[in-house]
Amino acid sequence: MATSSVAHKLDDVPPPAPRPELVGGGPPVRPNMPLLNNARLGVIMMLGAELMFFAGLIGAFLVFRLSAQVWPPPFQPRLPLGVTGVNTVILLFSALTVHWAVGAARVGQTAVLVRQLGFTAALGALFLAIQGYEWARMIHFGLTTSSSVYGGLFYTLIGAHGVHVIGGLIWLAVVYWQARRGRFSKKDFVGVQTTRMYWTFVVALWPVLYGLVYLY
Amino acid sequence: MLRWLPEDVSTYGHEIDSLFYLIYYITAATFVLVTVLMIWFLIKYREQPGRRAIYNHGNTTLEIIWTVIPAAILIVLSFMSVSTWAKIKRTVPPTDFEIQVTAKQFNWDIAYPGADGKLGTDDDVKFDNDVHVPINKVVRVHLKSTDVIHSFFIPNLRFKQDAVPGRTIMAWFEAKKPGKYELPCAELCGFGHSGMKGWLHVHSVEDYQKWAAENLAPKAQ
Amino acid sequence: MSESAVAHGAHGQHAKPSFISHYIFSLDHKMIGRQFLFVGLLMLMIGGILAMLVRWQLAWPESPVPGLGFISEPYIYPGPNGGGIIPPQTYNALFTMHATIMIFFVVMPIMVGTFGNFLIPLMIGAGDMAFPKLNMLSFWVGAISGVVMLSSFFVPGGPAAGGWTGYATLSAKAQYTGVEWGQHLWIIALMLNGVSSLMGAINYITTVVNMRAPGMGYFRMPLTVWSLFITAILLLLALPVLTAALAMLLFDRMAGTSFFLPEGGGEPLLWQHMFWFFGHPEVYILVLPAMGITSDLLSTFSRKPIFGYHAMAFSMIAIAGLSWIVWGHHMFISGMNPLLGTAFMMTTMVIAVPSAIKVFNWLGTLWGGSIRLTVPMLFALGFVSNFLIGGLSGIFMASTPVDIFIHDTYFIVAHFHYVVAGIIFALFAAVYYWFPKMFYRNMNQTLGKVHFVLTYIFFNGAFFPMHFLGVGGHMRRIYNPLQYEFITPMHDWNIFITWSALILGASQLFFLGNFFWSLFAGKKAEQNPWQANTLEWSAPTPAPHGNFLTTPTVYRGPYEYSSPEVTEDWLPQDKDIGASTAAKAH
Ligand code: HEA
Ligand code: HEA
Ligand code: CUA
Ligand SMILES: [Cu+2]
């Protein structure tokens, strides 16, 4: 660069010409075409945070689990493995339906999109209902938050997941409603994509929790 | 700064102190170096009419030098710390002198083994806040807490260990000078944290025997 | 949400927004930044006044504080002449709330909230944040968390009194501190505060990744943006762990679990691990923006490119990465396995190396410069000086054997005030520096210099002697040092510190006065008063909603000061002076 013999004077440099699309409205300017659009990137960030939240809880779980000689502790009710296993399958299936929803949105089949979103929400609700029923039974059998660390961990981890399922159901309901009103098109279905991202996270988390809390 | 260190009366305290001095000299030298350079640059390179700043984006060789030298110093420092730490916290030398210290809001419960020579049995002899030990004897402390976290701190012995409810932590010290040393609690433990303190009485061997005969003798039986 | 992000170029000509949408529920990142600033400064006053009460008690234990007598009995005991005596329980609450407010409601909202919001879009040439609504929400959730935190002063039992670290079991059972709702609210407020910060972090990261102006490669970003970007990543990953720990603590207190209570099978040290796993990244969350801002200011006012730009960026990345594996250095004496202590000592020593790079590169930046000692520059230099002292004292504690003695003494208090309260210097530097851009007026430089000199002297007067006390064994968090025979001989230092702290506090009135006076009556600012290169100075003053009249194109790095290519000693990032520079690296 040292070769440039004449130094410029800043004031001599002409200012850039105003871009008409900015001054007079017009189509939005996207300087760089990003790899992932804002909404999807934002949701990835959010899921990263969620992951750390659950990592914190799971870390705490492992601290107790690894230092325990017998697990579950004596005189504590066993967890319902079978029912929850079936429930796991139900939830996993909902990951498929939400995936199909995105597929339908991509080709602009609004009716299919609406139906698949509906299925997903219904499966999620079913999962939650079964969980709720099992919880009621567990409490009845004497597994409470205060009965042992075991109980506390069970309700905290599974409860935290349950809250996320509820959040997902609300999210699904909003998107379902938007889809019915024709909010999405072949070109613009980011809302469905982000729904899939979040729901897939909630679903994928479940087998991990099931494996740790119920089976391990 | 160094003269504020309380007198050291333990067998391992001097190792802590010499590490302290070493770090003090290193950091003091670094501090002086950086500060002097900074002030010098601020004066020498202050804005003056007609002079333009050097156009320079950095110097990789220099940067490598000032990365490697501190790194080397710090790594050496940590290796020097390892053995002292291991000596104090990771091992307890053989001893036959044991006491149990149970912290509670806001007292130290001190227990000596009773006639059966064992701690934690019914005939333990108990005191409030006063620890009596003989000189030149490794004292093994079984540290417990019944409520919140406290910290057993004897400045003159360079001794500090948190007492955690639900655990018994082993720690040790060996005092080499008779005297009476303050024993504060160093971890926030509630409104009475300040003022939660006891005394460590280090006795010569004869004095200790006298004290033990008077106080540890099985009076209850 | 994506459509609102791109529609901003056009916002400039909208009809004048209503008061509410302009000042209260604003979606403009600049206004949100200002909102964070005002709230943060208010909290600084509160946190500072709590510190003054702490200092009063330490210098003149149990003597009545003038004017405090109006508070009712269990919290303050009546004294003569309308004064009030601070009881031990209140003392614990004072420093707990002091620290919590300073860290979560002063340094985070201002360094991250204000400057992150105000500067990121402007410095990368974007019209706004990626998610303006989320941004607004972030401010308001943060504000609510502040209200919840402050409301704990007014509940029966008083505010949290378990230290800002809230160690279990002390914090896990109301009977241990006698604080019931105060601690609940502390937990809830910190959770809300975490949510607010997370929303901010998501916004910052997305904005930096997706919305840089053409030509603004990652390695042409000002170090301020780098630091805030890295900070946002740390926030994103660290805060949820605190949230998890806080949730468990709240359950222990309210739902009968016993995660941290041994009598129910819990583990008190688990809290410390979770807290510090968050807590150590947190201290770098606090300091990184200060480092980035300092780098920018040193370069601008030395009229010289930053020394080793890449090393500066990578050292921040290294600090951020290493900050995840050093948390155990807070727990050397906690009863944690001593072998782990050795491991954490090693990692802690290593993390000092990237900090060393920063300090030396700052020196390198000054070397050969043409240094203008403006007020922002003075404060930036003050930050370097404080960080140097605080960083070096960190080495003492990093050595495990030395920490046996100085852990939980005033040596630690000295260390972290030099670093965390040292950040306040960078905070002032940034306010003085960007004030013309934020409020379109200049602050008074003479008053600023007086503010700097007083603050610098009395800051050191207040915090340096704490090293002596710590070396003498003076414990932290004690209500009355005169209860200890070995501390009593050092008591004069406590009085000296308190006088310094009181004058330090009073000196801040110069800032407050200057700030508010300049806000309304300061000299009108030019567009680029400091002749700086970064993009925010290319935007008009006042910058409209949408920031730039034209999307700037970036031709070079942010530090081309005194470049031979132009006669002036600065060269803005978006000036097109011909093809030769366009190809130039960073
Ligand atoms: C912004 C905040 C901040 C920063 C940047 C740091 C930086 C560092 N801290 Fe600090 N720390 C705190 C905030 C911070 N700390 C707080 C708030 C606490 C107390 C919490 C509580 O208990 O309430 C604490 C406590 C704390 C402890 C626990 C002490 C105890 O409780 O017993 C330790 C122990 O290792 C430690 C170490 C360090 C180290 C090694 C660094 C290093 O990163 C510093 C590196 C910098 C330098 C070293 C200076 C520049 C370098 C050179 C000029 C090169 C040459 C140097 C050498 C060769 C030595 N800190
Ligand atoms: C960002 C963090 C931050 C900041 C800025 C400060 C700032 C200050 N701190 Fe703080 N402090 C902490 C973080 C911070 N502190 C932490 C984390 C702890 C540990 C708590 C624990 O143990 O749990 C602590 C603990 C702590 C203690 C130890 C208490 C104990 O262990 O018993 C002390 C004692 O001196 C103290 C003093 C001060 C002082 C004098 C200031 C001064 O710098 C403040 C100066 C500012 C002002 C005074 C406000 C502005 C002034 C005005 C608006 C004008 C009006 C005011 C007057 C006229 C007085 N602090
Ligand atoms: Cu016991 Cu502090
Ligand atoms: Cu740390």
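Asker: Kindly report on the side chain of A:Thr195, identifying the contributing residues and their values.
Answerer: Residues and elements named next belong to chain A. Positionally, threonine 195 belongs in helix 6 (residues 190-215). By relative accessible area, which is 1% here, threonine 195 ends up buried. Here glycine 191 takes part through its backbone oxygen, which lies 2.5 Å from a polar atom of the side chain of threonine 195. Not counting the four nearest positions on each side in its chain, threonine 195 is found in contact with Trp171, Leu172 and Val175.

Asker: Explain the nonpolar core residue by residue, including any values.
Answerer: In terms of nonpolar packing, the biggest core is built from 342 residues, with B:Tyr112 and C:Trp434 touching the most fellow members. For this core, the element with the highest residue contribution is helix 4 (residues 88-124) of chain C, accounting for 23 residues. Those residues in contact with C:Trp434 that sit more than four places away from it in its chain are C:Phe115, C:Leu119, C:Met123, C:Thr224, C:Ile293, C:Leu297, C:Glu536 and C:Trp537.

Asker: Before we move on, can you summarise the coordination of the iron atom of ligand 1 with the specific residues and values?
Answerer: Residues and elements named next belong to chain C. If you check the protein contacts of the iron atom of ligand 1, you find one donor only, His415 (NE2), at 2.1 Å. The copper ion (ligand 4) is placed at 4.6 Å from the iron atom of ligand 1. The topology assignment puts histidine 415 in helix 14 (residues 410-421).

Asker: How would you sum up the interface of chain B and chain C? Please name residues and give values.
Answerer: How big an interface is tends to be stated in terms of accessible area lost as the parts join. Facing 80 residues of chain B, the contacting portion of chain C comprises 100 residues. The junction of chain B with chain C conceals about 7800 Å² of combined surface from both sides, 70% of it contributed by carbon and sulfur atoms. Applying the counting criterion to the chain B and chain C interface returns three salt bridges. A salt bridge links B:Arg167 to C:Glu267, with the nearest nitrogen and oxygen atoms 3.1 Å apart. One can count 36 residue pairs in polar contact (both at pLDDT 80 or more) joining chain B with chain C. Listing elements by their share of the side of chain B that touches chain C, those giving two or more residues are helix 1 (13-44), helix 2 (60-90), strand 7 (159-163), strand 9 (179-184) and strand 10 (197-203) of chain B. Sorting elements by how many residues they give to the side of chain B that touches chain C places helix 2 of chain B first, with 17 residues. Among the residues making up the side of chain B that touches chain C, the classes are represented as 45 nonpolar, 20 polar and 15 charged.

Asker: How would you sum up the site of ligand 2? Please name residues and give values.
Answerer: Residues and elements named next belong to chain C. The immediate surroundings of ligand 2 are formed by 33 residues, with Arg55, Tyr91, His98, His417 and Arg477 found nearest. Between ligand 2 and the protein, one listed contact pairs an oxygen atom with a side-chain N or O atom of arginine 55 at 2.7 Å. A distance of 3.4 Å separates an oxygen atom of ligand 2 from a polar side-chain atom of tyrosine 410. Counting residues per element, the ones that place at least two in the shell around ligand 2 are helix 3 (29-59), helix 4, helix 14 and helix 18 (491-521).

Asker: So what's going on with the site of ligand 1? Residues and values would help.
Answerer: In the vicinity of ligand 1, 33 residues are found, and the nearest of them are C:Trp164, C:Tyr284, C:Asp403, C:His407 and C:His415. Around ligand 1 the close residues trace back to chains B and C. C:Tyr284 places a polar side-chain atom, nitrogen or oxygen, 2.5 Å from an oxygen atom of ligand 1. Residue C:His415 places a side-chain N or O atom 3.0 Å away from a nitrogen atom belonging to ligand 1. Of all the elements in the fold, those that place two or more residues in the shell around ligand 1 are helix 9 (268-302), helix 11 (338-366), helix 12 (375-398) and helix 14 of chain C. The greatest single-element share of the shell around ligand 1, amounting to eight residues, is contributed by helix 12 of chain C. Residue composition of the shell around ligand 1, grouped by class: 22 nonpolar, nine polar and two charged.

Asker: Quick rundown of the coordination of the copper ion (ligand 4)? Include the residues and the values.
Answerer: All names here are of chain C. Coordination of the copper ion (ligand 4) by the protein involves His280 (ND1), His329 (NE2) and His330 (NE2), with metal-donor separations of 1.8 to 2.1 Å. Taken in sequence order, the residues that donate to the copper ion (ligand 4) follow the motif H-x48-H-H. Relative accessible area serves as the criterion here: at 14%, histidine 329 is assigned to the buried category. What makes histidine 330 partly exposed here is its relative accessible area of 23%.

Asker: Please provide a residue-by-residue account of the confidence of the model for chain A, values included.
Answerer: As a note on interpretation, predicted positions should not be read in detail where pLDDT is low. Put simply, chain A has an average pLDDT of 85, and 87% of its residues get 70 or more. Helix 1 (residues 20-23) of chain A is the least confidently modelled element of chain A, averaging 42 in pLDDT, while helix 2 (residues 38-67) of chain A averages 94, the highest of any element.

Conventions adopted
- Every residue gets a number counted from 1 within its own chain, in the order that chain's sequence is written.
- Chains carry letters from A onward and ligands carry numbers from 1 onward, assigned in written order.
- Totals for whole chains, interfaces and linings use all residues, but because this is a predicted model, local features are given only for residues with pLDDT of at least 70 and pairs of side-chain atoms are given and counted only at 80 or more.
- To obtain the side-chain values, all non-hydrogen atoms of the structure were included, while hydrogens and water were left out.
- By definition, any uninterrupted DSSP run of H or I lasting at least four residues is a helix, any uninterrupted run of E lasting at least two residues is a strand, and each is numbered from the N terminus.
- Exposure categories follow from relative accessible area, calculated using a 1.4 Å probe and restricted to protein chains: below 20% of the type maximum is buried, above 50% is exposed, and the middle band is partly exposed.
- For the purposes of these results, a polar contact is taken to be a pair of N or O atoms within 3.5 Å, where, inside protein, one atom must be able to donate a hydrogen and its partner to accept one; residues adjacent in sequence count only when each atom of the pair is a side-chain atom.
- Any two residues whose heavy atoms approach within 4.5 Å are treated as being in contact.
- Buried residues of nine kinds, namely Ala, Val, Leu, Ile, Met, Phe, Trp, Tyr and Cys, make up a nonpolar core once their side-chain atoms join them within 4.5 Å.
- Think of the donor list as every N, O and S atom within 2.8 Å of the metal, or within 3.2 Å for Na, K and Ca; water never makes the list, so a site can look incomplete.
- Two parts placed together each lose some accessible area under a 1.4 Å probe, and adding up what both lose gives the buried area.
- By definition here, a salt bridge exists when the distance from a side-chain nitrogen of Lys or Arg to a carboxyl oxygen of Asp or Glu is within 4 Å.
- The nonpolar class holds Ala, Val, Leu, Ile, Met, Phe, Trp, Tyr, Cys and Pro. Asp, Glu, Lys and Arg form the charged class, and all remaining residues, Gly among them, are polar.
- For this description, a residue counts as near a given molecule or strand if any of its non-hydrogen atoms is within 4 Å of it.
- As a per-residue quantity, pLDDT reports the predictor's confidence and falls between 0 and 100.

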